[in-house]
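Working through the structure, step by step
Now for the letters of each chain:
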Amino acid sequence: MKIHEYQGKQIFAKYGIAVPQGIACFTVDEAEKAAEKIIAETGAPVVVVKAQIHAGGRGKGGGVKVVKGGAKEARGVAEKILGMQLITHQTGPEGQKVKRLYVEQGIEIARELYLGLVVDRETRKIAVMASTEGGVEIEKVAEESPEKILIELVDPVTGLAAYQARKLAYGLEVGKGTPSPKDTIAEFVKLVTKLANLFEKEDCSLCEVNPLIITKQGKVIAGDSKINFDDNAAGRHKEWEGLLDKDEEDPVELEAKDAGLSYVSLDGDIGCLVNGAGLAMATMDIIKHHGGSPANFLDVGGGATKDQVTKAFTMILSSPKVKGIFVNIFGGIMKCDVIAEGVVAATRELGLKVPLVVRLEGTNVELGKKILSESGLAIQPADSMADGAKKIVAATKAA
Amino acid sequence: MSILVNKNTKVLVQGITGSAGSFHAKQCLAYGTQVVAGCTPNRGGETFSAEGAAGKAVSIPVFDTVVEAVKQTGADTSCIFVPALGAADAILEAVDAGCKLVICITEGIPVTDMIRVRRSIEGKAVRLVGPNCPGVITPGECKIGIMPGHIHRTGKIGVVSRSGTLTYEAVGQLTALGLGQSTCVGIGGDPVAGLDFVDVLELFNQDPDTQAVMMMGEIGGNAEERAAEYIKAHMKKPVAGFIAGATAPPGKRMGHAGAIISGGKGTAKDKIAALTAAGVRMSPSPAEMGATLKSLL
């Protein structure tokens, strides 16, 4: 689960990580008032108006503007950004509509660094990555100059040790050119340690500060925040519900999630209903292998109920792009009759206007096949995965 | 011979009184697995009744703690069905009680929990399989987990996979071609887990009764690339492979927590290239996994 920059910065502040003063806004009026308030309280005339969307690359797309002319000018900028269709390299060509703004105190930047925490799957630890190349995508740095990325691994027993944070501080020369290098280094060490603590306590899967700002006064401030949460930990973080922005989520994927299904929309026209993530991916692959194109990834899981299967099949049936459907089940725990009942129930409700190929294997397979054949639906049975994929690709092309 | 589990393996089921735990404990018993104990806090003293192999009635004692279960029954392997937020604790309890093998079926354990578990079991004489996996089966001897037992046959093909149902698909294909399995290991779909491909390949490499290995990977992480390095340097037996997710879009979690292409890393293309370069024969489609393995024999 992703959250907005301003939400991430609120969490940062809770952990004592320095962030610029800022106010989240939903209207142009709010943005103007926020600018007024920030200018009055900080005594500095500069504010930044930032589009709040989950995708990165907002600045390049025109979603972040520095305002030097006061609150009225901030209002004008907010008018332009709010409601715009912001296109970045992460949004896709259609872009993302801006519905929230963050108005923030302008900071006198001396240097921009990069700080990021991820789960390193190879060492099975949280990795802290730091680089002098702030404000740049870390993937790009990793590709072009990997030697510029410093990495420290967090031992879960001790947490990030102070010496590790110091290694990063000296490696990045964070004290260089600051009024009091010793103080800047100390601030940096505290910030990195707090961030590592936050990552674990808040169950993040990604936590990035890009840029991490060293101000002209030698202060260390989080210029941006990007936090992704580990969905598996949602059960112990009830507060996440309040952080979810439904405008940022694919409505179909959200609907699936609520029903306990795992669904990802794709570009093709063949709807897939499969049990198990690996088999669901393999089903997409085999459709492609035979010249078709999958419309979705859908894993109904191992222990889906008839209601869940009905819901899943309804989602596929009601998608306008779907020109054919392939049900591929290898029932381990999943009983074939439950799948068959769900398919029939959903089809009764919505009707079946596209070709449907069903491959059933495993527990209660005979019963499942019987339910399907007695339903009177125009179902093409398949003997195997390959047989099913060939049939649905042919039927979809013919339709 | 086989790896990890055999007819002498004594199994305790953590979470045996829950719906998944009780259903699958019964299935394992019916397969002939020696399930000797159950464990659920506050349910100690109860008895779990089921039908064992050939319909013989069995009653299994339930304990409050794993250490008590191990002491009373001699269980050496634990199979965990505890709900996600309590599962990491259940793994630690099994390890502390001296279980040599811990198989965690539970899906959805927070990754920070698994990071702590991995650190905790470092250097200890225990093997962890999973979480988020179908379990381990040595056909004809011992089934620990949720896989359908009837699709397996005894034989000489080792199977290792990150996915559940895709493993069943591969096993189904192997069995249909007359190729039985020595042991099938589901290592699970989570980013931080127990045994990885290399650990299981090492065991198959040493097992005299495993003749060839079928491995199924998927997008995300670099476990397949590390497996490729091991195979290139050490594997004495032929390996056939398949990677799921060639058509998966980047940045999207495909069901499994670990199945995600991030920052351009973990693509099927890279994994297939690495395994091919290591001498693994890759199946061109998921329908030809069994046939690809057979072509190596």
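Note that this is a predicted model, so its numbers are computed, not measured.

Points about the overall build of chain A
- In terms of helices and strands, chain A carries 12 helices and 18 strands.
- Considered along the principal axes of its C-alpha atoms, chain A spans approximately 80 × 50 × 40 Å.
- For chain A, the residues scored as buried account for 50% of the 399 residues in total.
- Looking at chain A alone, contacts between residues at least 24 apart form 68% of all its contacts between residues at least 6 apart.

Section: the sheet that holds strand β8 (residues 135-138) of chain B
Residues and elements named next belong to chain B.
- Taken together, 7 strands build an open sheet; the order of strands is β9-β8-β11-β10-β12-β13-β14 and the sheet is mixed. For this open sheet the edge positions go to β9 (142-145) and β14 (281-282), each flanked by a neighbour on one side alone.
- Strand direction decides the pairing type here: strand β10 (residues 154-161) and strand β12 (residues 212-218), joined by 5 bridges, are parallel. The residue of β12 that forms the bridge with V160 is M215.
- Against the sheet, helix α6 (residues 197-206) engages β10, β11 (181-186) and β12, with an angle of about 165 degrees to β10.

Structural notes on the interface of chain B and chain A
- In this assembly, 47 residues from chain B lie in contact with 47 residues from chain A.
- Mapped by element, the contributors of at least two residues to the side of chain B that touches chain A are α3 (84-96), α4 (111-121), α5 (165-176) and β12 of chain B.
- In terms of residues, the side of chain B that touches chain A owes the most to one element, α4 of chain B, which gives 6 residues.
- Tallied by class, the residues present in the side of chain B that touches chain A amount to 24 nonpolar, 16 polar and 7 charged.

Some points on the nonpolar core
- Formed by 199 residues in total, the largest nonpolar core has its most connected members in V192 of chain A together with I80 and I91 of chain B.
- Broken down by element, the residue count for this core peaks at 9 residues, all from helix α6 (residues 181-201) of chain A.
- Setting aside residues no more than four positions away along its own chain, I80 of chain B makes contact with Q14, G15, A87, A90, I91, A94, V102, I103, C104, I105 and T106 of chain B.
- Core analysis: the next-biggest nonpolar cluster, separate from the first, contains 25 residues, C25, A31, A35 and V103 of chain A among them.

A short note on the confidence of the model for chain B
- Averaged over every residue, the pLDDT of chain B is 94; residues scoring 70 or more account for 100%.
- Interface confidence in the predicted complex, given as ipTM, is 0.90; pTM for the same model is 0.93.

Examining the sheet that holds strand β3 (residues 64-67) of chain A
Residues and elements named next belong to chain A.
- Spatially, the 4 strands line up as an open sheet ordered β1-β6-β2-β3, and their pairing is antiparallel. Each end of this open sheet is capped by a strand with a single partner; those strands are β1 (22-25) and β3. Between one strand axis and the next, the sheet turns through 20 degrees on average, direction left out of account.
- Looking at chain direction, strand β2 (residues 47-51) and strand β6 (residues 101-105) are connected through 5 bridges and run antiparallel. Within the sheet, the bridge partner assigned to V48 lies in β6 and is E104.
- Sheet strands touched by helix α2 (residues 28-42): β1, β2, β3 and β6. Its angle to β6, the strand with the most contacts, is close to 15 degrees.
- Against the sheet, helix α3 (residues 71-81) makes contact with β2, β3 and β6, and its axis sits at roughly 10 degrees relative to β2, the strand it touches most.

About the thresholds
- Residues numbered from 1 in each chain as written.
- Chains lettered and ligands numbered in written order.
- Predicted model: local features only at pLDDT ≥ 70, side-chain atom pairs only at ≥ 80, totals over all residues.
- Helix = DSSP H or I, 4+ residues; strand = E, 2+ residues; numbered from the N terminus.
- Buried ≥ 20, exposed ≤ 12 C-beta atoms within 10 Å, placed from the backbone.
- Contact = placed C-beta atoms within 7 Å.
- Pairing = 2+ DSSP bridges.
- Axes fitted to C-alpha atoms, helices over the stretch in contact; angles between N-to-C directions.
- Nonpolar A, V, L, I, M, F, W, Y, C, P; charged D, E, K, R; others polar.
- Core = buried A, V, L, I, M, F, W, Y, C linked by C-beta atoms within 7 Å.
- pLDDT = per-residue confidence, 0-100.

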